[in-house]
Amino acid sequence: MFSFRWLAKEMNLKPLAIQGRRSLMNIGDSGYKVDAPLMLPDDEVHLWRVDLDAIRSEEFHWLKVLSEDEAKRAARFHFPVDRERFIASRAFLRKILAGYLDAAASDLTFTYSKKEKPSLGPAFSNRGLTFNLSHSGGIALCAFSRCRDVGVDVEQIRRDFEVEGIARRFFSPHEQDELAQLPAAERVEAFFRCWTRKEAYIKATGDGLSLPLTQFDVSLTPGCTNALLSTRPDDAETSLWKLIEVPAGSGYIAALCVRGRDWKLKDWSANPGKGGDSPVMFPVSPN
Ligand SMILES: CC(C)(COP(=O)(O)OP(=O)(O)OC[C@H]1O[C@@H](n2cnc3c(N)ncnc32)[C@H](O)[C@@H]1OP(=O)(O)O)[C@@H](O)C(=O)NCCC(=O)NCCS
């Protein structure tokens, strides 16, 4: 599987140090219960942030809502930290989806496309709820929408590799030029900006890496709200999507890509939640 995580392994980069854990805090008043029902109008896209490292130690609790398949997948992780983060991210993906569906988190099932993109299984697929998830370091971002293809990508910024070499391998000529024109001190962040935008797009289409990364150009401009610049061979594809940078917290960069232009974002940073410094940050108060 291709990803920056995979690339970091290929380049023998050491795992980044884990940030200090924060004390546990609730998003509701009862043990991270996501209040239901959560409202998601057709013209909104919601972006949640989950601080996995703040909650992953309770893995046996989170494991209760996972399916047998998910539990088996969790057991295959080599390092405990990766297993715990996976379990926490799946549990909260389920809890948040259950909040929008007004259902029990453990009742949800997922189906997977040929390229492994998950969507809701048959019992809930007619509800039009679409989602995508990304994790990096100790956090996960989860995006939700109604009947729209959605892709999100977050990366923890790291500076211990040669940016230009990787850019030559994966970025389009236009993106490589844009990167080369920047002052050296700005290149690492620009690299991750480009990377997350490209991944958000291929995750939204669901193509994964079967879509060659050099077949489309994204902008490297910070905060750009229309970052898909061109697609090849059919440039008409460009106008079908909105690709934007989204907040991910200090030390991270993230992008979100959603089909259509007629939607607005509600993201975690606008409403840090009832708990204030909560590990699970939601974009809207329930109801
Ligand atoms: C999609 C992809 C680029 C994301 O990689 P990444 O940056 O390591 O991972 P992220 O944390 O951003 O996203 C992972 C999540 O994206 C989702 N996802 C997986 N495949 C996806 C796809 N094709 N499209 C969109 N989302 C996908 C899953 O929810 C996954 O979460 P999980 O690991 O908890 O199951 C990478 O997984 C990929 O290229 N997948 C394609 C695999 C493929 O083509 N398989 C074909 C086998 S024949």
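Everything below is about the structure printed above this text.
In this text the structure is predicted, and so the values were computed from the model without any measurement.

A. Representation of helix 7 (residues 173–180). Listed in full, the buried residues belonging to helix 7 are Glu 175, Glu 178 and Leu 179. Seen end-on, helix 7 carries its buried residues on one side only, within an arc spanning 100 degrees. Residues of helix 7 that are exposed and point over 90 degrees away from its buried face: Pro 173, Asp 177 and Ala 180. Elements that come into contact with the buried residues of helix 7 comprise helix 6 (163–170), helix 8 (187–205) and strand 7 (216–218).

B. Quick look at the environment of Val 34. Mapped onto the elements, Val 34 comes out in the loop between helix 1 (4–10) and strand 1 (44–51). Along the primary structure Val 34 and Phe 92 are separated by 58 residues, whereas in three dimensions their C-alpha atoms are 8.8 Å apart.

C. How the structure looks around the site of the ligand. The local shell around the ligand holds 25 residues, among which Ser 3, Lys 117, Ser 134, Lys 203 and Gly 208 are the closest. Broken down by secondary-structure element, the contributors of at least two residues to the shell around the ligand are helix 1, helix 5 (80–101), strand 4 (129–136), strand 6 (150–156) and helix 8. Among the elements that take part in the shell around the ligand, strand 4 stands out by supplying four residues, more than any other. Looking at the shell around the ligand residue by residue, the class counts come to eight nonpolar, nine polar and eight charged.

D. Just unusual backbone geometry, in detail. Here the residue pair Arg 232 and Pro 233 is connected by a cis peptide bond, since its omega of 5 degrees sits within 30 degrees of zero. A positive phi angle, near 55 degrees, is found at Asp 102, a position not held by glycine. Checked against the element boundaries, Asp 102 lands in the loop between helix 5 and strand 2 (110–112).

E. Fine view of the environment of Thr 196. By secondary structure assignment, the location of Thr 196 is in helix 8. Separated by 59 residues in sequence, Thr 196 and Ala 255 have C-alpha atoms that sit 5.5 Å apart.

Criteria and thresholds
Residues numbered from 1 in each chain as written. Predicted model: local features only at pLDDT ≥ 70, side-chain atom pairs only at ≥ 80, totals over all residues. Buried ≥ 20, exposed ≤ 12 C-beta atoms within 10 Å, placed from the backbone. Helix = DSSP H or I, 4+ residues; strand = E, 2+ residues; numbered from the N terminus. Arc of directions from axis to C-beta. Contact = placed C-beta atoms within 7 Å. Near = placed C-beta within 6 Å. Nonpolar A, V, L, I, M, F, W, Y, C, P; charged D, E, K, R; others polar.

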